[in-house]
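# Structural overview for review
In case you want the letters, here they are:
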Amino acid sequence: MPATALRPADLLSSARGIRWRMCTRRLLRSRRALVIAFVALHLAFLAWLLPLMLAGSVAGDLPLYRQWAMHVIDHGVWVGIDSDWVYPVGALAPVVLPAIFGAGAYQLVWFLLLTAANGVSLWVLTDAGRRRSAYPAAWWWLGTLLLLSPVALLRLEGFTGPMVIVALVLLGTRPRFAAALLAAAAWIKVWPAAVLLAAVISSGRRRVIALSAALTSFAIIAIAVAAGGLWHVTSFLTTQGSRHLQLESVLGTPWLWMAIVHVPGAEVYQDWALETREVSGPGDIWIMENGTGVMLAAVAVIAILIGWAHRRRGGADASRLLLTGALALATAFIVFDKVGSPQYMLWLAPIVVVGISQLGRAWRAPAILLTVIAAATTLVFPLFYLELIDLNPWAASVLGVRNLLLVVLLGWTVHELWRLGRDDATDAVPTRTDAARATGSTGASTPSP
């Protein structure tokens with residue numbers, strides 16, 4: 001028998017491998033399988049939260065949200081309007097709405113609203129299931145929700161994430177609506193402003209996007225001022241600026257290790273007002289006073305890089321530039337922020353979801369990086385958070401790897417922006433969105449108004 005001949009057992013194994021890959025590919029392209037996975041995932045979430053719901057209790061950040069909401073319901077006191085608040089005033093909508101049926105139903109109503117938001121994001125991403133090329137992105141989004149479920153279910157990012165997915169998908173066909181949605185999301189949590197900034201810089205319809213976002217912001221501010229919140233509507237900016245180094249932040253990593261090796265003056269302590277752990281130690285005063293300035297400088301550099309790449313390419317690879325720029329800005333928000341909460345990974349996931357959908361294998365690197373980042377984030381919080389507080393070196397190492405990968409992700413986005421600007425526009429690779437437009441199909445159900 002020739003040396004290259006395959007034995008029957010090898011042929012059988014190869015056939016089984018091919019059959020398995022075909023079945024897996026068919027499953028991942030199945031609309032029914034995607035719907036079943038979505039329903040099963042959220043039923044699992046419901047089962048996990050059901051004891052809390054039956055007891056009328058809440059978990060995660062929801063005790064604080066419910067407290068704020070009940071102040072509105074019972075006493076007519078609105079944080080962000082009657083007093084300073086750590087969040088933009090638009091966050092009152094998702095915070096107060098779950099309290100409409102009382103404090104005892106808060107967790108249930110929150111979960112139902114969150115499930116609806118996730119469902120709408122998948123509906124738009126896949127064009128009601130018709131856009132099969134977006135299925136890998138949809139599966140990745142479901143997997144990320146599972147990996148980050150401790151925060152995806154119990155933080156405001158659970159709402160802003162789906163909003164950004166919808167806005168990014170519709171930005172090319174409904175720029176007015178998409179920009180308004182991004183502005184509304186930014187008035188819930190600030191981070192969607194990174195996506196909006198990237199869109200204004202890189203889009204050929206920047207005036208439409210900027211005007212729609214400005215009008216939406218003006219309407220939100222006008223409502224808040226009319227309700228008596230003139231002196232508090234921008235309080236979230238100063239409240240965040242005065243915060244110290246959070247335990248999980250990238251910038252706080254050196255001081256965490258100082259505390260671990262018992263450097264005099266380095267410690268981890270509890271901020272009781274914000275219910276979070278922070279770090280301090282020698283040399284932290286400078287970064288606390290100048291951290292916001294460093295972040296703004298990084299954002300300015302990236303914004304200039306996006307603008308340079310846009311001018312160089314003359315509109316070619318618009319989707320790639322927008323998504324890469326948005327991811328770069330959002331990652332910079334995290335890497336250079338004094339705060340480093342685990343839900344911040346949900347700032348990046350929506351952008352990567354749309355990147356996988358529109359750019360396919362070209363975004364395999366950020367998809368893999370963010371998957372590992374999400375897994376490490378959940379290992380740190382909530383699984384080994386107590387060990388981290390107790391300055392366990394192993395838990396701190398996992399956090400260190402997570403933070404290092406965030407820096408790597410930022411480096412990847414900056415390198416991609418530089419490459420997009422450096423390469424000639426004739427080298428542009430058509431994205432799935434560009435190809436769809438060329439054939440007259442936008443992937444959306446109706447054209448832009």
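The following refers to the structure shown. From a predicted model like this one, the values you see are computed outputs, not experimental measurements.

What counts, and at which threshold
Residues numbered from 1 in each chain as written. Predicted model: local features only at pLDDT ≥ 70, side-chain atom pairs only at ≥ 80, totals over all residues. Heavy atoms only, no water. Helix = DSSP H or I, 4+ residues; strand = E, 2+ residues; numbered from the N terminus. Buried < 20%, exposed > 50% of the residue type's maximum accessible area, 1.4 Å probe, protein only. Contact = heavy atoms within 4.5 Å. 1 Å grid on protein atoms, 1.4 Å probe; cavity = no way out; pocket = protein on both sides within 12 Å on 5 of 7 lines; lining within 4 Å. Points joined across faces, edges and corners; volume = space filled by probe spheres on them. Nonpolar A, V, L, I, M, F, W, Y, C, P; charged D, E, K, R; others polar. Expected span 1.5 Å × (residues − 1). Phe/Tyr/Trp six-rings, centres within 6.5 Å; stacked < 30°, edge-to-face > 60°. Salt bridge = Lys/Arg side-chain N within 4 Å of Asp/Glu carboxyl O. Patch = residues over 30% accessible without salt bridge, like charges linked within 9 Å, V, L, I, M, F, W, Y side chains within 5 Å. Areas by Shrake-Rupley, 256 points an atom, 1.4 Å probe, with all protein chains shown as cover.

### A closer look at the overall build of the protein
- Scanning the protein from terminus to terminus reveals 20 helices and three strands.
- Taken over 449 residues, the protein has a buried fraction of 53%.
- When contacts within the protein are restricted to residue pairs at least 6 apart in sequence, long-range pairs at least 24 apart make up 76% of them.

### Let's talk about empty space enclosed by the protein
- This structure, assessed with the given rule, holds three cavities of 30 Å³ or more.
- Roughly 40 Å³ of internal volume is contained in the largest cavity.
- Forming the walls of the largest cavity are L114, N118, W141, L145, A152, E157, G158, G161, P162 and L346.
- Among the secondary structure elements, those contributing two or more residues to the lining of the largest cavity are α5 (106-125), α6 (135-147) and α8 (157-170).
- For the lining of the largest cavity, the element with the most residues is α8, which contributes four residues.
- Here the residues of the lining of the largest cavity are counted per class, giving six nonpolar, three polar and one charged.

### Overview of helix α9 (residues 175-186)
- Compared with an ideal rise of 1.5 Å per residue, which puts twelve residues at 16 Å, α9 spans 16 Å between its outermost C-alpha atoms and is within 8% of the ideal.
- Tucked inside the fold, the buried residues of α9 contact α8, α10 (192-202) and α11 (206-226).

### What about the packing of aromatic side chains?
- Counted under the stated rule, the structure contains 15 aromatic pairs.
- Consider the rings of W191 and W347, whose centres lie 6.3 Å apart with planes at 10°: the pair is stacked. Placement of the pair is W191 in the loop between α9 and α10 and W347 in helix α16 (residues 345-359), with a sequence separation of 156 residues. With respect to burial, W191 and W347 carry one shared label: buried.
- Consider the rings of W363 and W412, whose centres lie 5.7 Å apart with planes at 90°: the pair is edge-to-face. With W363 in the loop between α16 and α17 (364-383) and W412 in helix α19 (residues 393-422), this residue pair connects regions lying 49 residues apart in the sequence. Accessibility classification places W363 together with W412 in one group, the buried group.
- Among the aromatic residues, those joined into a cluster by ring pairs are Y65, W68, W85, Y87, Y106, W110 and F159.

### Comments concerning the pattern of salt bridges
- Scanning the entire structure with this criterion turns up eight salt bridges.
- Between D423 and R419 there is a salt bridge, with the nearest N and O atoms lying 3.3 Å from each other.
- Judged by relative accessible area, which is 19%, D423 ranks as buried.

### Considerations on a nonpolar patch on the surface
- Together, V35, V39 and L43 give the surface a local cluster of nonpolar side chains, amounting to about 250 Å² of exposed area.
- Assessed through its relative accessible area of 47%, V35 is described here as partly exposed.

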